[in-house]
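# Analysis of the macromolecular model
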Amino acid sequence: MRSRWGNFVKTRFAYSLIALALAQHQSVIAAETVLDKDASEQSLSTTNSSATSSVATQSESTEQVTLVAPERIAVHGRAMQMYVDKETTIGTKTAINVMELPQSVQVLTEQLIIDQAARNITDLYRSIAGVSEFSYSGVTFRGFRDDANVFYDGVRGDPYSGFSVPQLFNVQRVEVLKGPASALYGGGEPGGMINYVTKKPTFVESKELTLSAGSEDMMGGSLDLTGGLTKNLAYRFGAYYQQEDSFRNNADSQNAEVAGGLLYEISDDTKLTTTFDIIKQDLGGNRLRGVPTDDDGNFLVDPSYNTNEKSDFQKMDALVLQSILDHQFTDNFSIKTQVRYLNNESDQQYHESRGWVDVNGDGSADVLDGTIKREYRVQSRANDEISLTNDFVYAFDALGFEHEFLFGGDYHYVETEYHYKLATDKTGVGNLNIFDLNYGETDPSSYNLTDKDTDGVRAKRYGVYVQEHLHFNEQWSIIAGLRFSQFDDYDKKTGFSFSDNAITPRAGLNYRPIDSMSFYLNYSESFKPASLTNQAENIGDGFLDPETGNQIELGMKNEWLDGQFMTTLALYRIEKQNVAQANPLDTGDDDGIPNLLNLGEVRSQGVEWTLVGDLTDNLTVTANYAYNETEVIKGVTNDSLTNTFDSKHFANAPRHQAGLWTRYDIDALDSAIAFGMDYVGEQFSLEGQTVKPHTIFDMSWTTQWDQTQVRLNLKNIFDKEYAVSGFTKHNGHFPGEPRNITLELSHKF
């Protein structure tokens, strides 16, 4: 199902890697020959030389060995600033100190990921202020649901797109930018974006083997190797596998991944980084929906409930190839060119709830009947994606000010093949009694499937952007920029096409009265075109306008105790306009009245506070609190936009959230103990049912002997029964994981 273009790209990329490896191999042989010759000549010279020459020869010999076999660096003891990364590129596409960035940003370090035993992104939401779980890997950012605004290494191309669950094995750190990001990254929701920074080759030699086991028959392991092959060539290779059952009925998971790459330092000014990532995910009994609840948010059945049969599954295979070329023309002028190819293929077969069945004959189909009707879906999807990004950065002094000017452009192409078959209760699918589960009474092989004959789409996203970072003096600086974005979508089945574009600006002012304190004010805008499906349905009365958003944010950042820890306080107000809603005048007939109108307007406002760093030499903390109020300013009554418990709440947008993770190192025992807390306030489902607030406590213990480390993680210590978010009434709420224990053994060699 892969396109010819995709196969061409992969073939060329593979040939390039092979050619590069062969070239470097020949270089190594040549270098070794020269070194051997030099060593022999130096040995003869040393026989008749002075002691001074002998010392020089010894020094030269040591240097030669270093060229062929780079020195191994071993790091022992506790690393300071475990959870603090003071430099990021997500907010500007250039390296910038977090204190100088006039926008709220969080960086989740590799050490934090390890300490929390985080295996997928949902494990880390506790550490991100203003972010909560919607479903699967979908999030709510400052009140707005966002499933698609995900980037890897700063570019579009998510290998887990769809309903797969992102894994963190190949992730070095996670960067979260709050608020609109369209001025640099193009279309998206105004709440924020997530960027995964993947692991890269490095000259630092490291070899680590990890084995793990835990609850629900979980077992797995990983191997990660990095180091220098020659003076100019470094590598990385990693492999990961994990399998486990689930606390949900008929569900399990298997995740496998192989990743690696080469770093070639062509010269002092030029380096080329190539990486690959092969991912395989097999989720049995998926795609998972929720557990039915009453209107007060109480589960009606055990949280292990699942509407799927044991034969249901969701399988995904992905391949990612990436090349990054960094070149420094001068000390002040540089370019970064990034090419990313992605192929993602997924197959799903699952039973979906369709609503209650009136089995008791009282004329009303509801939970009192205890039986849901289901449909059976067979879906396959294949994405071929390619991204190209070029960023030019020029730093200069002019008119007495320091300038850093960014000019760039990006292109993202996606071709999707999509096929969908459906069976209902009228074509063989059996009902399910939620109280007396009757799994196995229905046979998918006997269903009469209807082919929906959906072919897929072609989508192009491209844009150009400029940005100026101007330092007036040591205290005052400003970042301003704008982007032109173009969107072209094409439906391969119907031939329907749609294009849209927008200009999205942003500006931020930063004031730093002292090195340890900064105040900032920013304004930014977002742009998101209407979906191709909505445009096609609305074609009778013209195209829908894009959804637009804007944010004003005021904040303060502080470094405390000589930079040992940092705090950020941010106040924001987001307004989103032109939200597409059902037209109340639409009769459903072909009468020229459009189905949808740009009627909706939503306002989100709140405050966020974060703390991260070392409170003492032994105590490391990351903590956050967020308050958010999202309300519908304008909309159609009973439409999906306002169909919530009250007009002041979006679905799964809690008013209050708080997270804490603290680690204390016990140096005398070469150990550390950590404690965590995750609080999410009251929420509402898509149909207004209450999702009750919950507080979950976790802990971990780590000890080390030489190069071997043992880590024990206990999640949901008190085995609390809770829901992370809500869906619909017959689907219910998404249950949180019960008490879970994980044991990991890591050895560096």
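Okay, so let's go over this structure. (Residues numbered from 1 in each chain as written. Predicted model: local features only at pLDDT ≥ 70, side-chain atom pairs only at ≥ 80, totals over all residues. Heavy atoms only, no water.)

Summed over all chains, the structure comprises 17 aromatic pairs. Ring geometry for Phe 697 versus Phe 718: centroids 5.8 Å apart, planes at 85°, classification edge-to-face. Taken as a pair, Phe 697 in strand S34 (residues 694–705) and Phe 718 in the loop between strand S35 (708–715) and strand S36 (723–726) lie far apart in primary sequence, 21 residues in all. In this structure Phe 718 comes out as exposed when scored by relative accessible area, which is 61%. (Phe/Tyr/Trp six-rings, centres within 6.5 Å; stacked < 30°, edge-to-face > 60°. Helix = DSSP H or I, 4+ residues; strand = E, 2+ residues; numbered from the N terminus. Buried < 20%, exposed > 50% of the residue type's maximum accessible area, 1.4 Å probe, protein only.)

In this model, Asn 286 is joined to Arg 287 through a cis peptide bond whose omega is 15°. Note that Arg 287 resides in the loop between strand S15 (270–284) and strand S16 (313–328). Positioned with a positive phi, Asn 250 is a non-glycine residue whose angle comes to about 60°. Within the secondary structure, Asn 250 is located in the loop between strand S13 (233–245) and strand S14 (252–265). The backbone of Asn 716 sits at a positive phi, close to 55°, despite the residue not being glycine.

What follows covers the nonpolar core. Ranked by internal contacts, the top residues of the largest apolar core, which has 46 residues, are Ile 113, Leu 124, Leu 168, Val 174, Tyr 185, Met 193 and Tyr 196. Contributing elements (two or more residues each) for this core: strand S3 (105–108), helix H3 (110–115), strand S5 (138–141), strand S7 (150–152), strand S9 (171–178), helix H4 (182–185), strand S10 (192–198) and S16. Residues within four places of Ile 113 in sequence aside, it is in contact with Leu 108, Ala 118, Leu 124, Leu 168, Val 171, Gln 172, Arg 173 and Val 174. Counting ten residues, the second-largest nonpolar core is a separate cluster that includes Val 291, Val 301, Tyr 305 and Ala 723. (Core = buried A, V, L, I, M, F, W, Y, C linked by side-chain atoms within 4.5 Å. Contact = heavy atoms within 4.5 Å.)

As a further point, take the sheet that holds S5. Reading across from one edge, S4-S5-S6 is the order of the three strands in this open sheet, with antiparallel pairing throughout. Across the chains shown, the open sheet's two edge strands, defined by having one partner strand only, are strand S4 (131–135) and strand S6 (144–146). Across this sheet, the average inter-strand angle for adjacent strands is 35°, counted without regard to direction. Pairing analysis gives three bridges linking S5 to S6, with the strands arranged antiparallel. Paired with Thr 140 across the two strands is Arg 145, which belongs to S6. (Pairing = 2+ DSSP bridges. Axes fitted to C-alpha atoms, helices over the stretch in contact; angles between N-to-C directions.)

The next thing to look at is the environment of Met 219. Mapped onto the secondary structure, Met 219 falls in strand S12 (residues 218–228). With 25 residues separating them along the chain, Met 219 and Glu 244 place their C-alpha atoms 6.5 Å apart. Discounting residues that sit within four places of it in the chain, Met 219 has contacts with Ser 212, Ala 213, Tyr 241, Gln 242 and Gln 243.

What follows is about the pairing of strand S24 (residues 497–514). Where strand S23 (residues 476–491) and S24 come together, 15 bridges link them in antiparallel fashion. Bridge pairing in S24 links Ser 477 to Asn 510. Counted between consecutive antiparallel strands, the loop separating S23 from S24 contains five residues, among which Gly 495 sits at a positive phi close to 80°. By the bridge criterion, seven bridges tie S24 to strand S25 (residues 517–528) in an arrangement that is antiparallel. Bridge pairing in S25 links Gly 508 to Asn 522.

Everything listed here is a matter of coordinates, which is why it stays silent on function.
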